[in-house]
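Tertiary structure, described
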Amino acid sequence: MSKHGRLIFWLSVAWGLLGGLSHAQTLEDAIFAALENHPRIDRARADLAAAREQLTRAQAQFRPQVTFQSSISATRRDARLTDGQDFGDTAEPYSSSIQLTQPIYTSGLKPVVLRRAQLARRAERYRFQDEEIQIGLEVISAFYDVLIARERLEIQTELDRLVFAQIHAAEERFRLDVGTLTDIAQVKARHASAAAARSAAASDLGRARRALEALTGFALTEPDAPQDVALPAPTLDEVIARAKAFSPALKSAQAQYDAGRMDVLTAARRNRAQVSLALQASAARESSPAIERDDDVRATLSLTVPLLDGGANRSRRREALARRNSLAFAMQEQVLQLELFVTDLWLSHAAADAERMAQRERVAASELALEGVIKGQELGLWAVTDVLDAMEQLARARLDLVDAERSKDDLIGQLNLVSGAMAE
């Protein structure tokens, strides 16, 4: 079983064990649901079914061909002979024939045409698999967008709650004559800002969930974050090599190039000698006034050698050569795009990992700062606005940490998918 086949198999097993859509909450569930429900997969599957028919059609032209033909007519003839006598005749002649034709020798055309059809089918099969990979990449990004939006909403909600609690603290200090109305007004203004940020985060979560639902066909209520996602290989060069070996898009481009080579051979061999055998049986009744019955059985061995076609075949050969060259360049472009894509994912992951480490230190420092400001406020060293500033600094640090951590996991997931590690 191929790596791609193992990927689909294990996703199918996971899907069955978890009970389908109603319990789907993991990244694997989301990917499999998208592969089952997305219209692009249905379209690619239909294209694959159409490509499979090319081989049947290619085989058919070298198999026996049977043709049946029949005709019937009615005639009324009135004539005058040279001796002056009148002549009249009424007839209803009919005829029928059946012919069997079988190509015998094609100058090597048959294996080339069949090979070309097989390669076209293979290219479409790999294109179908690449469509699954592309949708999988979209699902991974959408899945982590939901996780990021959910965690950002949790942080904003917690900040809103903490700032709201400061309103009561400021009012209590004012009652004890250690605070001012200005403090209360400032806290309420900060709370309004925090509430607006929480509403915006809730809207972002709704949009992220809707985007994921559009891909998968179901809504995730509480998606489970993958744990300890690992890189597919320790170095960039190794990941690129694995991605090249796995890439369905690159395999499809290779199959298309090989099909283009077959087109060149087809154009060359179509202008060579062709030998076919034809067997025909025919029967006619009242075919003419002199012939009441005419039955005929014949066998014909035909040799066809094109001599002059106005340059059409040379044009077809030049066109096939140009298309083959174009497909070769397309394959090179596919390799380059894959290398650039994997490199971008790798470097973005490295940046996200560095950002994650920096934001962890920032969160730890912000937590210590907030703790110190709160103690200082109790001693009269800091004002309420200082506490609010420290809270917001901690919230922003936690938000940036969420972005960095989930972005890192998102990029690792994409690297695993494009390199085939998810199928292992």
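The structure presented is a predicted model; accordingly, all values stated were derived computationally and were not measured.

Tallying each qualifying case throughout the model produces one aromatic pair. Here phenylalanine 143 and tyrosine 144 contribute two aromatic rings whose centre-to-centre distance is 5.9 Å and whose plane-to-plane angle is 85°, an arrangement assigned as edge-to-face. In this structure phenylalanine 143 comes out as buried when scored by relative accessible area, which is 0%. A residue is classified by how much of its surface remains accessible, and tyrosine 144, at 1% relative accessible area, is buried.

Let's shift gears to the environment of aspartate 409. With respect to the element layout, aspartate 409 can be found in helix H9 (residues 384-419). Aspartate 409 sits in the buried class, given a relative accessible area of 12%. C-alpha of aspartate 409 to C-alpha of alanine 225: the two residues are 184 residues apart in sequence and 9.3 Å apart in space.

Further remarks concern the layout of surface pockets. Of the voids in this model, the largest pocket is the one considered here, and its volume is about 220 Å³. Taken together, 13 residues line the largest pocket, and the ones lying closest to its centre are Asp130, Gln134, Gln334, Leu338 and Phe341. Looking at the lining of the largest pocket, the elements that each hand over two or more residues are helix H4 (109-175), helix H7 (248-269) and helix H8 (312-378). Residue composition of the lining of the largest pocket, grouped by class: eight nonpolar, four polar and one charged.

With that out of the way, let us pick up the packing of H4 against helix H5 (residues 181-216). Orientation of H4 relative to H5, taken along the N-to-C sense of each, is 165°, at an axis distance of 8 Å. Classified by the interaxial angle, the pair formed by H4 and H5 is roughly antiparallel. As H4 runs across H5, the sense of the crossing is left-handed. For the contact of H4 with H5, the residue count by class is 23 nonpolar, five polar and 11 charged.

Rules behind the numbers
- Residues numbered from 1 in each chain as written.
- Predicted model: local features only at pLDDT ≥ 70, side-chain atom pairs only at ≥ 80, totals over all residues.
- Heavy atoms only, no water.
- Phe/Tyr/Trp six-rings, centres within 6.5 Å; stacked < 30°, edge-to-face > 60°.
- Buried < 20%, exposed > 50% of the residue type's maximum accessible area, 1.4 Å probe, protein only.
- Helix = DSSP H or I, 4+ residues; strand = E, 2+ residues; numbered from the N terminus.
- 1 Å grid on protein atoms, 1.4 Å probe; cavity = no way out; pocket = protein on both sides within 12 Å on 5 of 7 lines; lining within 4 Å.
- Points joined across faces, edges and corners; volume = space filled by probe spheres on them.
- Nonpolar A, V, L, I, M, F, W, Y, C, P; charged D, E, K, R; others polar.
- Axes fitted to C-alpha atoms, helices over the stretch in contact; angles between N-to-C directions.
- Parallel < 35°, antiparallel > 145°, perpendicular 65-115°, else oblique.
- Left-handed = near helix turned anticlockwise from the far one by under 90°.

Everything listed is a geometric property; what it means functionally is a separate question.
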